[in-house]
Amino acid sequence: MAKKEKSEYIIQAVDHALDLLEQFHDDVDELGVTELSKRLKLHKNNVFRLLATLESRNYIEQNRVTENYRLGLKTLELGQTFIKQMGLLRQSRPVLEALVKECNETTYVAILKDFHIVYLDTVETDLTVRVVPRVGSRLPAYCTAAGKVQLAYMTDEELDNYLPGKELKRYTPNTIVDKDEFRKLLAKVAEQGYAVDNEELDAGVRCVGAPIRDYTRRIIGAVSISGPSMRFTDERIEKELIPLVKKAGEEISTKLGYHK
C-alpha cells in the first residue's frame, strides 16, 4: 500500500480554524463574522461555528461592545510557551541587558519568519526619547537591520524565490525598493557582517543589526540596537554601535554553541 502524502491527512475543519486564527495579524485586532466570512470564503454559519468552538477553548474572545472577535488569552499562553522554550531567548537576554548598559539604547533580538521580522525580546533604554518596543510585531525584513542581516546570508535560490514576486513597498524616502540595488546591498551586508537601517522603515529611526548563529553555523536570528536618528549619527554608528552589536551577536552565538 503506497504511503499517503501528509496533505491527505489534513482535517478540513481544523485547517479552517487555523486559517481563521491567522487572520488576526499585524494591525488587525478585531474582526466580525461578515468580514471573516469574506476573507475565508466560508458561509457565515460555518464561521460562527468555528468561532464558537475556538471561543469555548479561549483561543478567541468576543468584544461585547463591538460584537467583533479577537484573539483570546490561550493564544498568548501558547506564544509565551514557544518563546520560553527557545534557547535563543534564554541565552540572549543577559547579552541584551549588558548591551543596553554599554550604549543606553534599546536592544532587540529578532527572528526571520516568512520574510518578515518578528521581535521576540527587547531591553529598553531609560532615556526619555526612545523607539517604541515592537515585541511580537511582524515587520518587513527588507527595510530593517535585523531583517537585512538575515536575508543577506540566504542562498541565491532562496532570494530568487522571494524577490521576483515580492513588491518592495516604499515606507520612507530612504526605503530601497529597487531589487537589483537591494541584492547589491545584501552582498555588502554579508561581507561586512552587519546591517544598518537608515530610516528605511520609520522616518527618524536608525538601527544596526548583526546575525546570531547556532552550533550548526546556521543563522537563526539577529540582535539589533535601535534609536532616534539624532543620537544615531554616522560617526557613532561606525565607531561605537557597530562594534557593540557585532560583539553581542558573537556572544549570543557562542552561548548557542557556535564556533568560528
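If you check an unreviewed UniProt entry, the chain appears there as IclR family transcriptional regulator from Geoanaerobacter pelophilus.

Draft legend 1. Structural detail: the environment of Ala 110. Residue position: Ala 110 is located in strand β3 (residues 106-113). The class for Ala 110 is buried, based on a relative accessible area of 0%. Taking the C-alpha atoms as reference points, Ala 110 and Leu 54, 56 residues apart in sequence, are found 29 Å from one another. For Ala 110, the contacting residues outside a window of four places in its chain are Ile 117, Val 118, Tyr 119, Leu 120, Ala 146, Gln 150, Gly 221 and Ala 222.

Draft legend 2. Broad picture of the pairing of strand β8 (residues 219-228). Among the 10 residues in β8, nine count as buried, and that is most of the element. Here five bridges tie β3 to β8, and the two strands are oriented antiparallel to one another. Each bridged residue has a counterpart across the sheet, and for Thr 107 the counterpart in β8 is Ile 225. Pairing between strand β7 (residues 205-213) and β8: nine bridges, direction antiparallel.

Draft legend 3. Layout of the side chain of Ser 92. Summarising the element assignment, Ser 92 is placed in helix α5 (residues 87-103). By relative accessible area, which is 0% here, Ser 92 ends up buried. A polar contact of 2.8 Å, which involves the side chain of Ser 92, links it to the backbone oxygen of Leu 88. Once you skip the residues sitting within four places of it in the chain, Ser 92 turns out to touch Val 109 and Ile 252.

Draft legend 4. Main features of the pattern of salt bridges. Considering all chains together, one arrives at 14 salt bridges under this definition. Measuring nitrogen to oxygen at the nearest pair gives 2.5 Å for the salt bridge that ties Asp 160 to Arg 183. Of the two residues, Asp 160 sits in helix α7 (residues 156-162) while Arg 183 sits in helix α8 (residues 179-192), which places them 23 residues apart along the sequence. Residue classification places Arg 183 among the partly exposed residues on the basis of a relative accessible area of 27%. For Arg 236, the salt bridge is made with Glu 240, and the minimal N-O distance between the two is 2.9 Å. Here Glu 240 and Arg 236 lie together in helix α9 (residues 234-255), a separation of four residues that amounts to about one turn. Owing to a relative accessible area of 17%, Arg 236 belongs among the buried residues under this scheme. Overall, Glu 240 belongs to the partly exposed group, its relative accessible area being 27%. One connected set of salt bridges, linked through shared partners, spans Glu 105, Arg 231, Arg 236 and Glu 240.

Rules used throughout
- Residues numbered from 1 in each chain as written.
- Predicted model: local features only at pLDDT ≥ 70, side-chain atom pairs only at ≥ 80, totals over all residues.
- Heavy atoms only, no water.
- Helix = DSSP H or I, 4+ residues; strand = E, 2+ residues; numbered from the N terminus.
- Buried < 20%, exposed > 50% of the residue type's maximum accessible area, 1.4 Å probe, protein only.
- Contact = heavy atoms within 4.5 Å.
- Pairing = 2+ DSSP bridges.
- Polar contact = N/O pair within 3.5 Å; in protein donor to acceptor, adjacent residues only side chain to side chain.
- Salt bridge = Lys/Arg side-chain N within 4 Å of Asp/Glu carboxyl O.

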